[in-house]
Amino acid sequence: MIEDIKKRALHRTKIIEGQLRGIEKMIENEDYCVDIITLSLAVQKSLGSLNKLLVENHLRTHVSHMYEEGGDRREEAVAELVRIFELSNNRA
């Protein structure tokens, strides 16, 4: 994993962890639903940022190597990217 991306991804996971603890506490305290939903949406946005970092790392490392190898490895890389694209578009 590229060191800078790893550092940023780990930082992002710490933020998400804190946000999730905050949601748990808000539910326990029976806070206003809209406030809980707002934080929940922030978590989703944070997860999107984390996914972007992970995809960037994958493209810069694994995919580039797979493309250099050519042949079946190149096709595997394309299939992986299509699968990620499909997963990202099917989430609700």
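- As recorded by an unreviewed UniProt entry, the protein chain carries the name Metal-sensitive transcriptional regulator and is attributed to Agromyces indicus.
- Heading Sequence similarities (unreviewed entry) of the UniProt record for the protein chain holds this comment: "Belongs to the CsoR family."

## Some thoughts on the overall build of the protein chain
So, step 1. Each helix and strand in the protein chain was counted, giving three helices and zero strands.
So, step 2. Along the protein chain, helices (α) and strands (β) appear in the sequence α-α-α when read from the amino end.
So, step 3. Projected onto the principal axes, the alpha-carbon positions of the protein chain cover approximately 55 × 30 × 15 Å.
So, step 4. Burial analysis of the protein chain (92 residues in total) assigns 20% to the buried set.
So, step 5. The contacts of the protein chain with a sequence gap of at least 6 include a subset with a gap of at least 24, amounting to 51%.
So, step 6. Accessible surface computed for the protein chain: about 7,100 Å², of which carbon and sulfur atoms make up 56%.
So, step 7. Taking the average place of the 14 positive charges on the side chains of the protein chain and the average place of its 16 negative ones, the gap between the two points comes to 6 Å.

Quick notes on the rules
- Residues numbered from 1 in each chain as written.
- Predicted model: local features only at pLDDT ≥ 70, side-chain atom pairs only at ≥ 80, totals over all residues.
- Heavy atoms only, no water.
- UniProt positions renumbered as here; feature names shortened; annotations may be inferred.
- Helix = DSSP H or I, 4+ residues; strand = E, 2+ residues; numbered from the N terminus.
- Buried < 20%, exposed > 50% of the residue type's maximum accessible area, 1.4 Å probe, protein only.
- Contact = heavy atoms within 4.5 Å.
- Areas by Shrake-Rupley, 256 points an atom, 1.4 Å probe, with all protein chains shown as cover.
- Lys, Arg positive; Asp, Glu negative; His and termini not counted.
- Charge placed at Lys NZ, Arg CZ, Asp CG, Glu CD.

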